[in-house]
Amino acid sequence: MSVSLGEILAHPALAAADPVVHPQGADTAAQPVRWVHSSEVLDIAPLLRGGELLLCGGITLATATPARRADYVRELAQRGIAALAIETGGVLPEVPAAMLETAEEYGLPVVELRKVVPFVGVMQAINSILVSESAGHLHQADAATRAMAAELAHGASLDKILAVLADITGSAVRLVSPWGVDLGSAVPETATDDDDADASAQAEVPAGAAELPGEPLPPAAPDAPSVPDAPAGTLMGVDIPVRGVLMGRLEVRVPQGGDTALAQVAGERAVDILGLALLQHTPPGLHAQAGAELMRAVLTSAPEWRLEQLAPGAGFPADSPLVVAAVHAAAPQELRGAIEAFLSAGRIPSAAYLDDAELVVMASLPDTETAGARRGLVESLQELEGNHDAVISVGPLADGVARAAWSLAEARRALEVRQVRRRTASPRRRPPAHGLVVVDADDVSVESLALTGMTASAREAFVNHHLRAVLQHDAQRQSQLLETLHVWLDSGCNTAQSARELHLERQSMHHRLQRIFDLCGGDPRGTGKLAALHLAVRMADLP
C-alpha cells in the first residue's frame, strides 16, 4: 500500500509538531503522498511534480500580501500537491483565515504545525520510507512493462495488453482517444463477476471524478453513458504520445483502498509500450507527425533551414506570417482541444505541442490585413467555449517560420511580466487570478525590451532618475502618485478617463497631477520627457 497523508502525520517525526488538518474532517487516509519537500519560496509551484507534502516555515507568508498568499495556495493546488503544512506560532501566529478559505475552495488540505520540528529530520524520516515504497512499485511496474511488451510482440490486442496492467495494479483500466472514444479496456482477473460490472462502470468518466496529480481527463464521447452513481475510487490518467502527437490517454480506476501510487508508477512506465501498441493499431497521420516535428524544432530553436524544411508538411508556407502562443493552464489538454477546434473552425493552419506543463500553439495568418487578423485572433481566444482556468500569451507577429522561436520567447516574456504585475500592482490594476486570461505580448513590448536590453541595475538607475521624488513621496506619505501617473500615461494623458478609472473626482485628479508635475520638474506634455517618464513608470515594477 502507498503511504497516505494520515500515516505521515502520525509518524513520530511529524506528530511531534502537533498537526491540525484544515478543513476539519478531511480524509487524510485517502490522500497519497509521493514525497516530502520543504521551501519558503512562494513561486515554488512550477518546480513541483504533484503529490508532494510541502513544508513551509511561514516566514515569507507572514510578510506576503493577502493576494499573494491566495495565489500561492491556488498555484500549489493546481500543481496537484498532496497537502501544504505550515508552521505557526512564531512570525506567523496562525494560518490566515483567507488562505484556509482559498485552500478549501481548491480542495487543498492545509496542515497547521503548532510546534516546531526540524524539517530536515522530517524529510529524512518520511522520504526514506517513500523511497523504499517507490522501489517496490518500480519493481512491480517494470514487471508489468516486460509482460506487456511480450504480449505486444506476439501481436496481442489492446485489451490483452491492458489486461496485464489491470492485473498488476488491481484496477480497471481503459485506453481512450484524445476525444474520449474507447480504444480498449480491461479489469483484473481476480475480480468477481459483480466486481467486473462495477469496474466496467467505473471505467467511464463520471462528472466530478477525483484524479491523481496530472492532467485532467478529456471529455467523454458524446454518446458515452453517464454513471452518476459510480462506486467510490480514484481515477487517474496518463497521456500516451506517439511521435510527439497525442494519440491516447490511459485511465486507471483504482478501487477504494487500492494502491494509487503503484497505479501511477505502472501507468507512467507503460506509456512507451502503449505508444507502440497504438502505433501498430492507429498510427498518426503524416500531417500530425509533421506538425509535432515542426513544433519540437521551434522549441529547440532549430536552424532556419530545418524549420523551412518542415513547415510545408505541417501546412505552413515557409514565409507565411504567424504567431506563437504560450499557454499555462490547469487543464492544458482540455484547453488544447478547445483551441484546436476553434482554429480548425476558422480554417487557420496551426500546430500544437504540449511540453511538460506548457502548451505551445502556432497559428498561421493571412498575407494581407495581417495585423488585423492577429488582433482578431487575440480577441477570439478570449471567447473560447468552456470554463478554463488558464493564461494564453500570444506572441508578436513573425514574418515567417524562421522567426517562430522569437515569437514564442516574447510570449513567454509577457507571462513573466504578468507575474511581476500580479505581485506588485495595486488591487485595482492587478491582472485577474482566475478564469481564462489572454495576454497580448505587444501590450508589454516595452517591458520585454527592458528585460532583454537592460541590466537590472541600469533599469533601477533609469527609474530613480525620472521617478525618485514620486517614489519617495509615496513611501513617506502612503500616497498613490505612481499609480496615478501610470494610469494617466496609459490613457494617453486623458485626465477625465484616468479619473474614472481611479474613482476620483476630476478636481482631485487635477490636484494629484499637479503634485506629480511639481515632483517631476513640470508638465511633461509636449516635451521629450513624456516618453522617458512613461518608460520609467512601466519599468518601475520590473525586478
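By convention here, each chain's residues receive numbers from 1 onward along its written sequence. Only residues with pLDDT of at least 70 are given local features in this predicted model, and only at 80 or more are side-chain atom pairs given and counted; all residues enter the totals for whole chains, interfaces and linings. For the side-chain quantities, the full set of heavy atoms in the structure was used; hydrogens and water were omitted.

Caption draft 1: Representation of the overall build of the chain. Think of it this way: any DSSP run of H or I at least four residues long counts as a helix, any run of E at least two long counts as a strand, and we number them from the N terminus. Counting secondary structure elements, the chain contains 21 helices and 14 strands. Here the term buried applies to any residue with accessible area under 20% of the maximum for its type, exposed to any over 50%, and partly exposed to those in between, with areas from a 1.4 Å probe on protein chains only. Looking at the chain residue by residue over its 543 residues, the buried ones come to 48%.

Caption draft 2: Fine view of the sheet that holds strand β10 (residues 322-329). Two strands make a pair as long as DSSP finds a minimum of two bridges between them. Across the sheet, which stays open at both edges, the 5 strands sit in the order β11-β12-β10-β13-β14 with mixed pairing between neighbours. With one partner strand each, in any of the chains shown, β11 (350-355) and β14 (436-440) form the two edges of the open sheet. On average, each strand axis in the sheet is tilted by 20° relative to the strand beside it, whichever way the strands run. One ladder, built from 5 bridges, connects strand β13 (residues 390-394) with β14; its direction is parallel. In the strand pairing of β14, Ile 392 is matched with Val 438. Only heavy atoms matter for contacts: two residues are in contact if any of them lie within 4.5 Å across the pair. Helix axes are fitted only over the stretch in contact, all axes being lines through C-alpha atoms; the angle between N-to-C directions runs from 0 to 180 degrees. Here helix α14 (residues 370-381) sits on the sheet in contact with β10, β12 (358-364), β13 and β14, set at roughly 160° to β14.

Caption draft 3: Just empty space enclosed by the protein, in detail. Only protein atoms enter the calculation, which uses a 1 Å grid: trapped sets of points that fit a 1.4 Å probe without letting it out are cavities, open sets showing protein on both sides within 12 Å along at least five of seven lines are pockets, and any residue with an atom within 4 Å of a point is a lining residue. Grid points are joined across faces, edges and corners, and a volume is the space filled by probe spheres set on the points. Counted according to the given criterion, the structure contains 2 cavities of 30 Å³ or more. By volume, the largest cavity amounts to about 90 Å³. Together, Val 323, Ala 325, Val 327, Ile 339, Leu 343, Val 361, Met 362, Ala 363, Leu 377, Leu 381, Ile 392 and Val 394 line the largest cavity. Broken down by secondary-structure element, the contributors of at least two residues to the lining of the largest cavity are β10, α13 (332-345), β12, α14 and β13.

Caption draft 4: A look at the confidence of the model for the chain. Predicted confidence across the chain gives a mean pLDDT of 83, with 87% of residues reaching 70 or more. You can read pLDDT as the predictor saying how much it trusts each residue, on a scale of 0 to 100. Here residues 192-231 is a poorly scored stretch, pLDDT under 50, and it has 65 contacts once near neighbours within four places are set aside; other chains count.

Caption draft 5: Spatial organisation of a negative patch on the surface. Like charges are joined within 9 Å and nonpolar side chains (Val, Leu, Ile, Met, Phe, Trp, Tyr) within 5 Å, but only among residues with over 30% relative accessible area and no salt bridge; these make up the patches. Here, Shrake-Rupley sampling with a 1.4 Å probe gives the accessible areas, and only protein chains in the shown set may cover a residue. Salt-bridge detection follows one rule: a side-chain nitrogen of Lys or Arg within 4 Å of a carboxyl oxygen of Asp or Glu. The charged-residue count follows a simple rule in which Lys and Arg add positive charge and Asp and Glu add negative charge, with His and chain termini not counted at all. Taken as the charge centre is NZ of Lys, CZ of Arg, CG of Asp or CD of Glu, depending on the residue. Taken together, Glu 304, Glu 308, Asp 319 and Asp 367 make up a surface patch of like negative charges. As for its placement among the helices and strands, Asp 367 is situated in the loop between β12 and α14. Judged by its relative accessible area of 63%, Asp 367 falls in the exposed class.

Caption draft 6: Examining the packing of helix α18 (residues 481-490) against helix α20 (residues 506-520) more closely. Closest axis-to-axis distance for the α18/α20 pair is 10 Å, and the angle between their directions is 100°. Our classification of the angle between α18 and α20 gives roughly perpendicular. Contacts from Leu 481, Thr 484, Leu 485 and Trp 488 of α18 reach α20 at Met 509, Arg 512, Leu 513, Arg 515, Ile 516, Phe 517 and Leu 519. In the contact of α18 with α20, the residues fall into 8 nonpolar, 1 polar and 2 charged. Angles are sorted into four bins: roughly parallel if under 35 degrees, roughly antiparallel if over 145, roughly perpendicular if 65 to 115, and oblique for all others. Only Asp, Glu, Lys and Arg are considered charged, only Ala, Val, Leu, Ile, Met, Phe, Trp, Tyr, Cys and Pro nonpolar, and every remaining residue, Gly among them, polar.

Caption draft 7: Representation of the nonpolar core. Residue types Ala, Val, Leu, Ile, Met, Phe, Trp, Tyr and Cys, when buried and joined through side-chain atoms within 4.5 Å, form a set referred to as a nonpolar core. Core analysis: the biggest nonpolar cluster contains 57 residues, and Leu 294, Phe 316, Leu 322, Met 362, Leu 467, Leu 485 and Trp 488 have the highest contact counts within it. A per-element tally of this core places helix α11 (residues 286-299) first, with 7 residues. Every residue in contact with Trp 488, bar those within four places of it in the chain, is listed here: Cys 493, Asn 494, Thr 495, Ser 498, Met 509, Leu 513, Phe 517, Pro 524 and Arg 525. If you look at the next biggest cluster of nonpolar residues, it comprises 30 residues, including Met 148, Ile 161, Ala 166 and Val 252.

Caption draft 8: Here's a closer look at α18. Judged by how many residues are buried, α18 sits mostly within the fold: 9 of 10 residues are covered. Those residues of α18 that fall on the buried side of the exposure criterion are Leu 481, Leu 482, Glu 483, Thr 484, Leu 485, His 486, Val 487, Trp 488 and Leu 489. Directly beyond the C-terminal end of α18, a positive phi value near 80° is found at Gly 492.

Caption draft 9: Spotlight on the sheet that holds strand β3 (residues 52-56). The sheet built from 5 strands is open, its strands ordered β1-β5-β4-β3-β2 with mixed pairing. Each edge of the open sheet carries a strand with a single partner, namely β1 (19-22) and β2 (35-38). The mean inter-strand angle of the sheet, taken between neighbouring strand axes irrespective of direction, is 20°. Examined bridge by bridge, β3 and strand β4 (residues 83-87) share 4 bridges and lie parallel to one another. In the strand pairing of β4, Leu 55 is matched with Ala 85.

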